[in-house]
Amino acid sequence: MSTILELNNIKKAYDVKMAVDIDKLVIEEGDCVGLVGESGCGKSTLAGIITNTVKLYSGSVIFKGEDISRFNARKMRDIYKNMQMIYQSPVASFDPEYTLGKSVAEALRNNKSDNLVSELFISVGLSAEYVNKYPGQVSGGECQRAAIARALAVKPEFLICDEATSALDPRITHGILELLKQINEELGITIVVVTHQMEVVKQICQRVAFLKHGVVLAEGKPEELFVKPTEDVKKFLGEEGQVLPKEGVNVQLFFTDDSSDEPVITEMARELGIDFSICWAKLEEFRENVFGSLILNIQEKDKDRVFKFLESKNVTWEVL
Ligand code: ADP
Ligand code: MG
């Protein structure tokens, strides 16, 4: 895989307040990457830096080998043939006087065949009749699909979405995210989703960067960050402060894609003939896989046999 976007030493302040301060962030071609953080942490500023609509104080934005951060509007027009944006309010991004079909045809520029427009609509899950509708006549989710069709019209290699599903209800959000995932998988388009919704990351992202006060707090595969969080990440996810029993031994087990599908816990109880309690557990679905983690409280006298059993099952675990 090669790198499509690289941010180096990015600094951006409004007045004296630092909004984004990132040493390095690399996005590989074909990935679906989440940039996540709470409101006000600098996500939209960062999205603007990537698309060169927000001016940088220092640093570089290397898109396909070129630093685009100082490109003028004319040079950016060429870049936007390869880099498209999707925003939170799709209706506002369409001309209310134009049918959705006309707006998408406009984006096709030299390629204005009606066939192509309805094909694009169908590819994003809108039937051909939507071509003749106005932005004010469709729902938020449908309008977002039309916005995605318009973005795809230029055959971009890179798509960045800023809170594209934040204004939609959960079921519609799920459908739009499935569409983005399909675009990523089938067309190989690199997708960056900027969001405050952790669900977005779990459903479609292969990589994620957690942003806090404009800084990248952690970066990696979502399942790794969620299943084995550092103290900082726990705080970020709001998971700090688990109260565990003082008696006995607390053992945390991690279930990742290398783990077996065997029912390890019940098997352990049965095979070793021991009792223990489950103090805490989480199971989460990421893209297609389920990952999880579990904290058991076992008795001191059983610990050697438990450790031996866990070794034999190839489970990742640690004593807390
Ligand atoms: P997010 O998208 O994560 O909610 P933003 O990038 O919009 O965050 O904002 C980051 C910080 O920068 C916030 O404190 C916000 O108030 C400030 N900010 C954003 N845009 C401007 C602006 N144009 N002028 C002054 N401050 C701004
Ligand atoms: Mg924002």
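See the structure above.
Residues numbered from 1 in each chain as written. Chains lettered and ligands numbered in written order. Predicted model: local features only at pLDDT ≥ 70, side-chain atom pairs only at ≥ 80, totals over all residues. Heavy atoms only, no water.

A. Main features of the layout of surface pockets. By volume, the largest pocket amounts to about 400 Å³. Of all the secondary-structure elements, those providing two or more residues to the lining of the largest pocket are helix H4 (114-123), helix H5 (140-153) and helix H6 (170-187). Counting residues per element, the lining of the largest pocket draws most heavily on H6, at five residues. Its residues assigned to classes, the lining of the largest pocket shows eleven nonpolar, five polar and five charged. A volume near 340 Å³ is recorded for the second largest pocket. Lining the second largest pocket are 17 residues, and of these Gln84, Met85, Ala107, Arg150 and Ala151 lie nearest its centre. Going through the elements one at a time, strand E6 (83-86) and H5 are the ones with two or more residues in the lining of the second largest pocket. Of the residues forming the lining of the second largest pocket, the biggest block, four residues, is contributed by H5. Partitioning the lining of the second largest pocket into residue classes produces nine nonpolar, four polar and four charged. (1 Å grid on protein atoms, 1.4 Å probe; cavity = no way out; pocket = protein on both sides within 12 Å on 5 of 7 lines; lining within 4 Å. Points joined across faces, edges and corners; volume = space filled by probe spheres on them. Helix = DSSP H or I, 4+ residues; strand = E, 2+ residues; numbered from the N terminus. Nonpolar A, V, L, I, M, F, W, Y, C, P; charged D, E, K, R; others polar.)

B. Spatial organisation of the pattern of salt bridges. In the structure shown here, the tally under the stated rule is 16 salt bridges. Of the charged contacts, one joins Lys181 and Glu178 as a salt bridge, the two residues approaching to 3.8 Å between their closest N and O atoms. Here Lys181 and its partner Glu178 are both found in helix H6, three residues apart, which amounts to about one turn of the helix. For Glu178, a relative accessible area of 31% translates into the label partly exposed. Among the salt bridges present, the one from Lys301 reaches Asp302, with a minimum N-O distance of 3.2 Å. Here Lys301 falls in the exposed class, since its relative accessible area comes to 63%. Classification of Asp302 by relative accessible area gives buried; the value is 4%. (Salt bridge = Lys/Arg side-chain N within 4 Å of Asp/Glu carboxyl O. Buried < 20%, exposed > 50% of the residue type's maximum accessible area, 1.4 Å probe, protein only.)

C. Examining the side chain of Asn184 more closely. Checked against the element boundaries, Asn184 lands in helix H6. According to the relative accessible area criterion, Asn184 is buried, its value standing at 4%. Within polar-contact distance, the side chain of Asn184 engages the side chain of Arg287 at 3.2 Å. Every residue in contact with Asn184, bar those within four places of it in the chain, is listed here: Gly30, Asp31, Cys32, Ile189, Ile191, Gln206 and Arg287. (Polar contact = N/O pair within 3.5 Å; in protein donor to acceptor, adjacent residues only side chain to side chain. Contact = heavy atoms within 4.5 Å.)

D. Summary view of a positive patch on the surface. A cluster of like positive charges, contributed by Arg74, Lys75, Arg77 and Arg109, occupies part of the molecular surface. By the element assignment, Arg109 lies in the loop between helix H3 (100-108) and H4. (Patch = residues over 30% accessible without salt bridge, like charges linked within 9 Å, V, L, I, M, F, W, Y side chains within 5 Å. Areas by Shrake-Rupley, 256 points an atom, 1.4 Å probe, with all protein chains shown as cover. Lys, Arg positive; Asp, Glu negative; His and termini not counted. Charge placed at Lys NZ, Arg CZ, Asp CG, Glu CD.)

E. Region of the structure containing the site of ligand 1. Ligand 1 sits among Tyr14, Lys17, Ala19, Glu38, Ser39, Gly40, Cys41, Gly42, Lys43, Ser44 and Thr45. In this structure, an oxygen atom belonging to ligand 1 sits 2.9 Å away from a main-chain N or O atom of Ser44. Considered on its own, ligand 1 offers 570 Å² of accessible surface; in the complex 57% of this is hidden by protein. Counting residues per element, the ones that place at least two in the shell around ligand 1 are strand E2 (17-28) and helix H1 (43-50). For the shell around ligand 1, the element with the most residues is H1, which contributes three residues. Residue composition of the shell around ligand 1, grouped by class: three nonpolar, five polar and three charged. (Near = heavy atom within 4 Å.)

F. Summary view of the packing of aromatic side chains. Counting across every chain of the model gives six aromatic pairs. Where Phe63 meets Phe158, the ring centres are 5.5 Å apart and the plane angle is 75°; that geometry is what we call edge-to-face. On the criterion of sequence distance, the pair formed by Phe63 in strand E4 (residues 58-63) and Phe158 in strand E7 (residues 158-162) is long-range, its members being 95 residues apart. Here the two residues Phe63 and Phe158 agree in accessibility, since each one is buried. Through a chain of ring-to-ring contacts, three or more aromatic side chains come together here, namely Phe210, Phe226, Phe236, Phe286 and Phe291. Lys75 extends its terminal NZ or CZ atom over the ring of Phe71, reaching a point 4.4 Å from the ring centre. One cation-aromatic arrangement involves Lys102 over Tyr98; the distance from NZ or CZ to the ring centre is 4.1 Å. (Phe/Tyr/Trp six-rings, centres within 6.5 Å; stacked < 30°, edge-to-face > 60°. Lys NZ or Arg CZ within 6 Å of the ring centre and 35° of its normal.)

G. Here's a closer look at the nonpolar core. Counting residues in hydrophobic clusters, the biggest one holds 54 residues, and the most contacted among them are Ile148, Leu180, Ile191 and Phe210. With eight residues, the single largest contributor to this core is H5. Discounting chain neighbours no more than four positions away, the residues touching Ile191 are Asp31, Cys32, Val33, Leu159, Cys161, Leu180, Ile183 and Asn184. Core analysis: the next-biggest nonpolar cluster, separate from the first, contains 30 residues, Leu25, Ala47, Leu56 and Leu211 among them. (Core = buried A, V, L, I, M, F, W, Y, C linked by side-chain atoms within 4.5 Å.)

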